[in-house]
Number of protein chains: 2
Amino acid sequence: MKQEAKIPQATTKRLPLYYRFLQNFAAEGQERVSSQQLSEAMKIDSATIRRDFSYFGALGKKGYGYDVQYLIAFFRETLSQNEVTNVALIGVGNLGNALLKYNFSKNQNTRIIVAFDSKAPIDGTFVSDIPVFPPERLEEKIKEFGVELAILTVTPRSAQAMATRLTKTPIKGIMNFTPNRLDVPKSMHVMNIDLSLELQALTYLARSTQQANDDSLKQTEQ
Amino acid sequence: MKQEAKIPQATTKRLPLYYRFLQNFAAEGQERVSSQQLSEAMKIDSATIRRDFSYFGALGKKGYGYDVQYLIAFFRETLSQNEVTNVALIGVGNLGNALLKYNFSKNQNTRIIVAFDSKAPIDGTFVSDIPVFPPERLEEKIKEFGVELAILTVTPRSAQAMATRLTKTPIKGIMNFTPNRLDVPKSMHVMNIDLSLELQALTYLARSTQQANDDSLKQTEQ
């Protein structure tokens with residue numbers, strides 16, 4: 001799939017969500033959908049949806065809305081949903097363990113296929129049916145399992161060293177659960193998921209709304 | 001803290017990150033910091049940093065940079081870091097269990113203080129030193145523990161019902177780990193954390209870069 005324009009990260013993050021909701025509409029037998037309907041189902045502003053779609057050229061007609069099956073086919077292709085992406089999990093602590101159990105069961109196209117942990121024996125072991133090897137065997141196993149993405153759930157202390165090591169493998173993306181900001185070449189995509197920060201941001205939002213509510217009466221519905 | 005202008009959610013999410021990095025600069029004994037230095041440490045575009053800061057009025061002087069201690073004090077106040085925020089975790093499955101163990105240990109100002117699970121006995125039990133009660137006691141315990149935020153790690157089937165119930169409590173924000181998009185009044189803030197979607201977006205980014213690299217040579221460093 002060729003990129004026509006640089007697509008903002010916020011848009012990129014919504015693409016899988018569009019795909020999921022379009023599948024819901026299709027499952028209900030709906031043939032067309034308006035940006036308004038998508039907006040209501042997804043709780044996203046309809047102007048945002050139209051702008052997101054505009055990055056991909058003419059996906060719909062004015063006054064007609066979007067053809068559900070056409071959009072599903074488009075997003076399936078764009079998101080490589082016809083192919084399976086193999087993921088490695090690095091660091092099988094509390095969070096790593098939970099992610100292995102969870103293993104993105106909602107999404108059959110992305111799966112953790114191998115894991116690494118410094119406590120694993122050299123010949124490997126199994127956690128939640130996933131083989132776990134020590135870091136010594138990282139490069140070898142990434143090749144063997146055809147891994148494309150890594151989930152980083154190691155300690156902050158070893159995060160950067162591991163990220164640097166990953167840049168020398170075929171891996172092209174890191175889902176980073178450590179609090180570190182990783183220094184990697186631009187060719188490596190990093191998605192930071194920092195639950196502490198998210199919770200602090202939520203605290204801020206909740207408290208500033210509280211303040212605004214104290215200052216003036218407010219509508220509670222859109 | 002009074003809001004002067006509506007602050008975009010992306011900016012809000014970066015506020016705790018600024019606070020964390022400013023503390024790092026202070027720990028290194030630095031008195032002033034430029035947006036460029038922040039940019040390099042945080043791997044965020046310096047124009048984005050200046051724009052984020054501009055929402056809060058004049059935080060720095062041109063050619064001088066930002067005063068580290070002043071900014072720390074500002075963000076501490078803005079992010080209510082002088083106060084503790086009590087959080088409830090709802091749904092102690094795999095992910096819920098991991099979050100209880102993790103309990104945001106990096107951030108002493110936000111802590112899970114109580115949890116709920118349909119399997120818990122009516123008198124409560126303990127998981128990772130946190131009391132866990134059945135949902136029947138939700139409203140009572142939220143009041144008793146002074147809970148302000150909820151982390152939702154229930155099954156998709158019960159997500160909306162639980163969210164609706166939370167809107168009738170003093171809780172003002174939900175960190176939503178379920179794949180559902182929750183229907184709640186505007187006064188309730190929802191932060192969706194959908195790990196499957198994040199991973200799919202990362203797959204898309206990694207593969208589209210792959211494509212671009214196949215098409216033309218590219219710089220790998222900024």
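Residues numbered from 1 in each chain as written. Chains lettered and ligands numbered in written order. Predicted model: local features only at pLDDT ≥ 70, side-chain atom pairs only at ≥ 80, totals over all residues. Heavy atoms only, no water.

Focus: the pattern of salt bridges
Residues and elements named next belong to chain A.
Working step 1: Considering all chains together, one arrives at 20 salt bridges over all chains under this definition.
Working step 2: Taking the shortest distance from any N to any O, the salt bridge between E139 and R165 comes out at 2.8 Å. With E139 in helix α6 (residues 138-145) and R165 in helix α7 (residues 156-166), this pair connects stretches of sequence that are 26 residues apart.
Working step 3: Through salt bridges with shared partners, a single network forms among R137, E140, K141 and E144. (Salt bridge = Lys/Arg side-chain N within 4 Å of Asp/Glu carboxyl O. Helix = DSSP H or I, 4+ residues; strand = E, 2+ residues; numbered from the N terminus.)

What to know about the packing of helix α1 (residues 9-27) of chain A against helix α2 (residues 35-42) of chain A
Residues and elements named next belong to chain A.
Working step 1: Contact geometry for α1 and α2: axes closest at 11 Å, N-to-C directions at 105°. Classified by the interaxial angle, the pair formed by α1 and α2 is roughly perpendicular. Residues L17, Y18, F21, L22 and F25 of α1 form the contact with α2, whose own contacting residues are Q37, L38, A41 and M42. (Axes fitted to C-alpha atoms, helices over the stretch in contact; angles between N-to-C directions. Parallel < 35°, antiparallel > 145°, perpendicular 65-115°, else oblique. Contact = heavy atoms within 4.5 Å.)

Examining empty space enclosed by the protein
Working step 1: Under the counting rule described, the total for this entry stands at one cavity of 30 Å³ or more.
Working step 2: Volume-wise, the largest cavity comes out at about 30 Å³.
Working step 3: Along its surface, the largest cavity is lined by L79, S80, Q81, E83, T85, N109 and T110 of chain A together with Q200 and T203 of chain B.
Working step 4: For the lining of the largest cavity, the residue count by class is one nonpolar, seven polar and one charged. (1 Å grid on protein atoms, 1.4 Å probe; cavity = no way out; pocket = protein on both sides within 12 Å on 5 of 7 lines; lining within 4 Å. Points joined across faces, edges and corners; volume = space filled by probe spheres on them. Nonpolar A, V, L, I, M, F, W, Y, C, P; charged D, E, K, R; others polar.)

Let's talk about the environment of T125 of chain B
Residue and element names in this part refer to chain B.
Working step 1: Among the secondary structure elements, T125 is positioned in strand β5 (residues 125-127).
Working step 2: Along the chain, T125 and A115 lie ten residues apart, while their C-alpha atoms are 9.7 Å from each other.
Working step 3: Among residues more than four places away in sequence, those in contact with T125 are A120, I130, P131 and V132.

Considering the domain arrangement of chain A
Working step 1: Parsing chain A into structural domains produces domain 1 (9-78) and domain 2 (85-196).
Working step 2: Summarising the inter-unit geometry, the C-alpha centres of domain 1 of chain A and domain 2 of chain A are found 31 Å apart. (Domains from an automatic or database assignment.)

Examining the relation of the copies chain B and chain A
Each of the two copies of the chain can be brought onto the other by a rotation about an axis and a shift along it.
Working step 1: Placing chain B over chain A gives an RMSD of 0.0 Å and needs a rotation angle of 180°, together with 0.0 Å of translation along the axis. Both copies are brought into coincidence by an operation consistent with a two-fold rotation axis. Among all C-alpha atoms of chain B, that of A98 of chain B lies closest to the rotation axis, at 3.0 Å.
Working step 2: With an isologous cut-off of 70% or more, the 100% of interface residues of chain B that recur at the interface of chain A puts this contact in the isologous class. (Least-squares fit on C-alpha atoms with pLDDT ≥ 70 in both.)

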